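Close look at the chain arrangement
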Amino acid sequence: MRRLSITVTAAALTLSLASPAVADREREHSEYGRVTYGQATLTGFASLPAATFVPGSEPSGSAIGTGPFNGVSAPFADQPVQGFSGVVNRHDGTYDVLSDNGYGNKANSADFLLRVHRIKPDTRTGRVTVVGGFNLSDPDHHIAFPLTRADRVLTGADFDVESIVRTADGTYWTGDEFGPFLLHFSKSGRLLQAPIPLEGVQAPENPYLNGAQPTLNSSKGFEGLVRGVDGRHLYPLTEGTVVGDTPGDLRFSEFDIRRGKYTGKRFVYRLESTDNAIGDATAVDKHRFLVIERDGGQGDTAEFKRLYLADTRDHNGDGLVDKTLVADLLNLANPKGLGGFGTTFRFPFQTIEDVVLLDDRTLAVLNDNNFPFSSGRTPGQPDNDEFITIRLSAPLHADKRALR
């Protein structure tokens, strides 16, 4: 894999004055890695308190023990608003965020209801407000295996949903880790078709193993899910290496929405360390994707939390996507001292699992706070759900369709 290094030329600085053909060539050069991305800058900060619950909802957390966990005792009288593992920009100042399976595994998450929350972050006040949401369910019996609840509302014992996109018709696709499966939901969270597996890839939690050996480690399925800029394709990205693949290599597969099947095309994303994992991915254009790559540390033990620009064209022919570092989330410039932090801002969470492109140089990034277990911001206190915006040091030259 070629490490891409970039030099900004005078031609690049006058790109806006160049002819269309020259502009296209310069844009192509930037994709080949001739522009180095320096330190990114924090431009917005907002936070949702860890102890935020869905009003009037059902009790939750009965199987995690009494704790206390980071000073929080369980179980809870309501469903916590936590585990943001996917994000959709609604382009009206609000975002849909996806809660994952709840408390970390099938055994302790049967009373955690899978849900999409609608949030409104306000970086002027530093607050995130929950303005709505809906549970995920299967009332039409598309799922053949037994579910936890008779009413067919989905729980963290049924699926571990870790990624979400919204398509032009307003419906949602999510990526699950237990299958792994692709799941297609209506605007209100009603499952529209049977879970779609990826041939040859099965996690230990897969309900159809039937005694066969899994090909993925536990909960290492679809951590990332990208909506292609063409609106026709989805690109689920596994969090773990499939048995038989090179350790640290992740499968980035292509799914055709119209045909309802995988195309057979896939790319290989190689982690910088086999101890790392990916957190989320989003499209920049038809060839390039932004990918969160992270270690498992939090707080002072967090050493690797990065955003890469991954190019599937594999210019050097090594069989891997080419990677360019665009932002180090542990080293963001903060000249305005946003959030009450110093001039260097760290996003030191164990699980950073949400990225969305806001404009050609601005991204929103969110954490999964693993409530009540993670304490990356302040030792001994449960992490809040934080929403940050960052400005890259150079433009991405993104396809405009990636911003929709």
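Only a predicted model underlies this, so the values are computations on that prediction, with no experimental measurement involved.

All chains considered together, the criterion is met by 23 aromatic pairs. Ring centres of Y95 and F387 lie 5.2 Å apart, and the angle between their planes is 55°; this geometry places the pair in the tilted category. One end of the pair, Y95, is in strand β3 (residues 95-99); the other, F387, is in strand β22 (residues 385-391), with 292 residues separating them in the sequence. For the pair formed by Y95 and F387, the shared burial category is buried. Plain terms: the ring middles of F134 and Y172 are 5.7 Å apart, the flat faces sit at 50° to each other, and that makes the pair tilted. Placement of F134 in strand β5 (residues 127-135) and of Y172 in strand β7 (residues 172-176) is noted, with a sequence separation of 38 residues between them. Note on accessibility: F134 and Y172 belong to one class, buried. Linked through ring pairs, F45, F341, F345, F347 and F349 together constitute an aromatic cluster. The ring of Y308 carries the charged tip of K323 above its face, separated from the ring centre by 4.5 Å.

Moving on, we get to the sheet that holds strand β14 (residues 277-283). Spatial strand order, β14-β15-β16-β17: four strands in an open sheet with antiparallel pairing. Both edges of this open sheet fall to β14 and β17 (322-328), since each of them pairs with a single strand only. Recorded for the sheet is a direction-independent mean angle of 30° between the axes of neighbouring strands. Pairing of β14 with strand β15 (residues 288-294), which is carried by six bridges, proceeds in the antiparallel orientation. Pairing of A277 across the sheet is with R294, part of β15.

Now for the pairing of strand β11 (residues 233-238). Looking down a regular strand, the side chains alternate between one sheet face and the other. Taking burial as the measure, the six residues of β11 include six buried ones, the bulk of the element. Note: strand β10 (residues 222-227) against β11, five bridges, orientation antiparallel. Counted as the bridge partner of G224 is L237 from β11.

Thresholds, definitions, all that
- Residues numbered from 1 in each chain as written.
- Predicted model: local features only at pLDDT ≥ 70, side-chain atom pairs only at ≥ 80, totals over all residues.
- Heavy atoms only, no water.
- Phe/Tyr/Trp six-rings, centres within 6.5 Å; stacked < 30°, edge-to-face > 60°.
- Helix = DSSP H or I, 4+ residues; strand = E, 2+ residues; numbered from the N terminus.
- Buried < 20%, exposed > 50% of the residue type's maximum accessible area, 1.4 Å probe, protein only.
- Lys NZ or Arg CZ within 6 Å of the ring centre and 35° of its normal.
- Pairing = 2+ DSSP bridges.
- Axes fitted to C-alpha atoms, helices over the stretch in contact; angles between N-to-C directions.

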